[in-house]
Amino acid sequence: MSVGFVMMCHTALDRAAQVARFWAEGGAPVVIHVDRRVDKLSFDTFTASVSDLANVSFSRRFKCEWGTWSLVAAAQAGAEQMLARHGDVGHVFLASGSCLPLRPVQDLAAYLAARPTTDFIESVTTADVGWTIGGLDEERFTLHFPFSWKRRRRLFDRYVELQRRLKFRRKIPAGILPHMGSQWWCLSRRTLASILQDPDREVYDDYFSKVWIPDESYFQSLTRLYSTNVESRSLTLSKFDFQGKPHLFYDDHLQLLRRSNCFVARKIWPRADRLYATFLAQRSPVDAKAEPDPVKIDRLFSKAVERRTNGRPGLYMQSRFPHRDRENGKTSAPYSVFQGFDDLFENFDGWLAKYAGARVHGHLFAPERAEFSGGESIFSGCLTDSAKLRDYNSQAFLTNLIWNARGERQCFQFSPRDSQACNWFLATDPNAQISVISGAWAVPLFHSSESFAVTRREAARLQKIELDQISILRSMYVKARVRIWTMADFIENPMELLQTVIDEISPRSTRRLTEVPRLVDLSGFGQFLQNLKNQGMQPRLMGDFPVDDGPLPSNAQRDRPYIVR
Amino acid sequence: MLRALRKRHGLHSVARRTDAIKPSDILLFATLRNERVRLPYFLRYYRELGINHFLIVDNDSDDGSREWLAEQKDVSVWTTSASYKGSRYGIDWMNWLLMRYGHKHWTLVVDPDEFFVYPFSDTRPIRALTDWLDTYEMRSFPAMLLDLYPKGPIDAQPYREGQNPLEIAQWFDSGNYTISRNWYFNNLWIQGGPRARMFFSDDPYNAPSLNKIPLVKWNRRYAYVSSTHMLLPRGLNMVYDDWGGEKVSGCLLHAKFIAPLTAKVEEELARQEHFAGSREYIAYAEQLSTEPDLWCKWSEKYINWRQLEILGLMSKGNWA
């Protein structure tokens, strides 16, 4: 018993000839079908190039068009010729001209000899296939398709639509349960002969000749009628991408293909000289028992499809520039925004860097310059601190910063004094963790030596900005993790609140905070707020501060950080 | 397009070997002026990528560029003494040659200091890419301009003929690019990199555009609009995915910042033939006198296309 190959060729005939020679010289008979659209000169060159091989023959030529019956007719003719001429063939392997054998014929023959009754054909019921392109799976079997999908797409689509509306359904011949799968199969002589010599073959052929893409369903469905042992997988390694096009193999896939232990791979780029040279040189059996294992190749191609359809989250570049809300990740990693903290605490940056284990920047959106951590003038990815460059496209500045620093959590300070251009972006980014101590912007004003009139004007301005921002942060569109406290609430219990924020940044750190940063001097702050009120302004964001310095927790321990047991 | 027809009269053929072009050939088009010292490596690089024929417009070189090119068997050369500016920075000449010789070919339009890299360019020739694009019926391919620069003053290290300029200009900015969409032409407008950072930090709007679409399956109805930044018809500019996925893209490694740059800048300033009143060159001249160093501690050293793909400057898309 041995294996015979039926090859379907239409382009790159020189490569097909090489492969046919490889199989034929390995002792396997080959029947070749050449598309009738191939011109005479090319066909004659092809036949001449394999004329020295006794076990290579050519079958009746059909004019093949994708998705039509002609492909099945060609395969039938080839298979019949194979069974008739080569009585010793136990399995017939359907291959294409762009297939490349990865293992010697003896390996495959031995593998099949050990499984004499097994039919290797991917065969899945229509309900279970997830890969059909164009949405037609069950309807392939119940509608008429008189128009070419490739050449007359509109007509094709309209006719399908019309039949749907008329609720038209073709009758499926009794006994047939439609199955689909890869058109590259390897069937046992018994099964194949049963299919080809079935008394009802005319009925089936007539039915399938009007099914759409019958080469993916004819043998797949009929095998189920006769086979005693269907192994629903193809021995041909062939991967399709999301648009239904086969992935190509190139020279740089050599090691991957070699290690896959698959018998045949398609499609090979016709100019992949090294692949053809390497694999067609293997003539002696390698390891007959090795099972095909295409997992690594599967992973490579599924990653490629994933990249093409979803892309890398948070990346904006020349070939990925998503519409708003189609980003699949507005930024590439979680980051934290702290508003008001550095107004309220001395050296908050340093403290945060120590406890959060993150890169802590100052006010990235400060009006004068982007305050990168450590006072640097340039940061990862060669982002500069120039306010003009940053404000030219502040959203890109932020997404670039987060992208460039992948692997390291980024934190930065924010305040109503800074550029507010990114507010909506921040609020709608699920990666943003925004913690706001509202009204804390008043603390620097309280300490400032400016005249009170100037301070009052500035306070009114900042309050308006922060109110606007907080209304964004409270809108129904918010996707960020937002926490807002009034200043009064926060200083009631800073330790616990800081702990929640820090826990969220580094959830695995079990270490409790042992110190909170030192609160700035707030004695007289209540009076300051009262003065603002007296001047006709209404400070609304700080919470309640009594006019006399009442029970502010800061006063007692001002010179020592808190210690927690 | 009419402009291109009109401007063709300024072009005189020096060496025309276009009869040797076969229907499947991949063609490279370039305009240059006084680039003699860069040419040998330039041609070698693109021959190794698999370019079959070079079609080059020489804009009145006086350093022997034209004569040297005319000796090359796979090069056709035209010369013109007409104004570079008058031909919209060479693009009218390019459009004419593309229309005349590029029809139904894959065509690559680059400058002599631009080196095209694409996914797998170290293992797969350019034909692997164009064949793949053909199967997906994609007609155009983007490659953003990536400025490379040396460490230290730009003129410090002299460039030898035949040398790989990337041996000198090894560094680039990896993540300071800004993108906006041009809704009229549908292309992306990309700015940033060392030139924006060093020369245009006070005027970012006028920083050079870095988006390019240099590789196109040409049709005589197509035309470049402004340099190779955008094309007509507009569908050709849709080289990016706007639903979150990544399409395949490459980079043009731009080895402009190597010696002798200062001399070149002075010459170009004197000619006043560059875009927007040569403002880019004015900016360079101001800074070059102070021997600027484009390098900074966050600069990335160029290794290969895989590095660019990991950094997110280009993408393999669904090509694997």
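It should be emphasised that the depicted structure is a prediction, and the values quoted were computed from it without experimental measurement. (Residues numbered from 1 in each chain as written. Chains lettered and ligands numbered in written order. Predicted model: local features only at pLDDT ≥ 70, side-chain atom pairs only at ≥ 80, totals over all residues.)

Explain the overall build of chain B to me, and be specific about the residues and the numbers.
Along its length, chain B carries nine helices and 16 strands. For 320 residues, the compact-globule formula gives about 20 Å, and the C-alpha radius of gyration of chain B, at 19 Å, lands near that figure. Structurally, chain B occupies a C-alpha span of about 50 × 50 × 35 Å along its principal axes. The proportion of buried residues among the 320 residues of chain B is 50%. Taking the contacts inside chain B whose residues are at least 6 apart along the sequence as the reference set, 71% of them involve residues at least 24 apart. (Helix = DSSP H or I, 4+ residues; strand = E, 2+ residues; numbered from the N terminus. Rg over C-alpha atoms; globule rule 2.2 N^0.38 Å. Buried ≥ 20, exposed ≤ 12 C-beta atoms within 10 Å, placed from the backbone. Contact = placed C-beta atoms within 7 Å.)

Lay out the interface of chain B and chain A in plain terms, naming residues and giving numbers.
Taken together, the contact pairs 50 residues of chain B with 47 residues of chain A. Looking at the side of chain B that touches chain A, the elements with two or more residues in it are α5 (126-135), β10 (177-181), β11 (188-192) and α6 (193-199) of chain B. With five residues, the top contributor of residues to the side of chain B that touches chain A is α5 of chain B.

Just give me the short version of the packing of helix α3 (residues 70-85) of chain A against helix α6 (residues 189-196) of chain A, but keep the residues and values in it.
All names here are of chain A. Between α3 and α6, the shortest axis-to-axis distance is 11 Å and the interhelical angle comes to 120 degrees. By the angle between their directions, the pair α3 and α6 is classed as oblique. Taken as a pair, α3 and α6 cross one another with a handedness that is left-handed. Mapping the contact onto sequence places Gln76, Ala79, Glu80 and Leu83 in α3 and Arg189, Leu192, Ala193 and Leu196 in α6. Class assignment for the residues of the contact of α3 with α6 results in five nonpolar, one polar and two charged. (Axes fitted to C-alpha atoms, helices over the stretch in contact; angles between N-to-C directions. Parallel < 35°, antiparallel > 145°, perpendicular 65-115°, else oblique. Left-handed = near helix turned anticlockwise from the far one by under 90°. Nonpolar A, V, L, I, M, F, W, Y, C, P; charged D, E, K, R; others polar.)

Talk me through the environment of Lys245 of chain A; I want residue IDs and the actual numbers.
The residue Lys245 of chain A is located in the loop between β11 (236-238) and α9 (254-260) in this model. Expressed as a C-alpha distance, the spacing of Lys245 of chain A and Ile437 of chain A, which sit 192 residues apart in the sequence, is 55 Å. If we skip the residues at most four places from it in the chain, Lys245 of chain A touches Phe240 of chain A together with Thr135 and Tyr136 of chain B.

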